[in-house]
Amino acid sequence: MTEASPVTHVGYLEQEPLPPDSIGHPLAQTECRGNWDGELGGSAGGAAEVATGEPGELVMRGPQIMKGYWKEPDATAAVLARGMVLVG
């Protein structure tokens, strides 16, 4: 994913491996959550956050997330909302 450099989640060495549909654990200072329709929810309005294990769009914020696309403000606005990248 070019919007995050170089990594957002890792699979730690654990006794039980992560399930195949898991993306692993977020790195330090990386916030991630799932939203059901691509809008950022909570007190800011928009979609509701989905529960762990439920399908939804992944949104992330952290020091490794891009600030925007070079000279493409419309493309940036389509994937960044309130400092979080809409991953899909």
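As a starting point, this report considers the structure included with it. All figures in this text were calculated on a predicted structure; none of them were measured in a lab. Each chain has its residues counted from 1, following the order in which its sequence is written. In view of the model being predicted, local features appear only for residues whose pLDDT reaches at least 70, and side-chain atom pairs are presented and counted only at 80 or more, with totals across whole chains, interfaces and linings using the full set of residues. Note that water and hydrogens are dropped before the side-chain values are worked out from all heavy atoms of the structure.

1. Overview of the overall build of the protein chain
Helix and strand labels come from DSSP, where a helix needs a run of H or I of at least four residues and a strand needs a run of E of at least two; each type is numbered from the N terminus. The helix and strand inventory of the protein chain stands at one helix and six strands. Any two residues having at least one pair of non-hydrogen atoms within 4.5 Å are treated as being in contact. Within the protein chain, contacts between residues separated by at least 24 positions form 45% of all contacts whose residues are at least 6 apart in sequence. Carbon and sulfur atoms make up 56% of the accessible area of the protein chain, which totals about 6,100 Å². Per-residue accessibility takes into account occlusion by the displayed protein chains alone, with areas from the Shrake-Rupley method and a 1.4 Å probe.

2. Thoughts on the side chain of Glu3
Positionally, Glu3 belongs in the segment before strand S1 (9–10). One buried charged residue, Glu3, forms no salt bridge at all, with the nearest opposite charge on Lys67 at 15 Å. The definition of a polar contact used here is a pair of N or O atoms within 3.5 Å, where within protein one atom must be able to donate a hydrogen and the other to accept one, and adjacent residues in sequence count solely through side-chain atom pairs. Side chain to side chain, Glu3 and Tyr69 meet in a polar contact 2.4 Å long. Apart from residues lying up to four places away in sequence, Glu3 is in contact with Gln64, Ile65, Met66, Tyr69 and Val85. Remark: exposure states derive from per-residue accessible area (1.4 Å probe, protein chains only) relative to the maximum for the residue type, with buried under 20%, exposed over 50%, and partly exposed in between. His is not counted here, nor are the chain ends, while Lys and Arg score as positive and Asp and Glu score as negative. We define a salt bridge as a side-chain nitrogen of Lys or Arg found within 4 Å of a carboxyl oxygen belonging to Asp or Glu.

3. Here we look at the sheet that holds strand S4 (residues 57–61)
Pairing between strands is defined by DSSP: at least two bridges between the two strands are required. Strands sit in the order S3-S4-S6-S5 across an open sheet of four strands; the sheet is antiparallel. Because the sheet does not close on itself, it has two edges, and the strands there are strand S3 (31–35) and strand S5 (80–81). Judged from the two bridges that link them, S5 and strand S6 (residues 84–86) form a sheet pairing that is antiparallel. Across the sheet, residue Ala81 finds its bridge partner in S6, namely Met84.

4. Structural notes on the nonpolar core
Judged by nonpolar contacts, Ala4, Leu58, Met60, Ile65, Met66, Val79, Leu80 and Val85 together constitute the single largest core of eight residues. Beyond its immediate sequence surroundings of up to four residues, Ile65 is in contact with Glu3, Ala4, Thr8, Met60, Leu80 and Val85. Within this scheme, the nonpolar core is defined by two criteria: the residues are buried Ala, Val, Leu, Ile, Met, Phe, Trp, Tyr or Cys, and they are joined through side-chain atoms within 4.5 Å.

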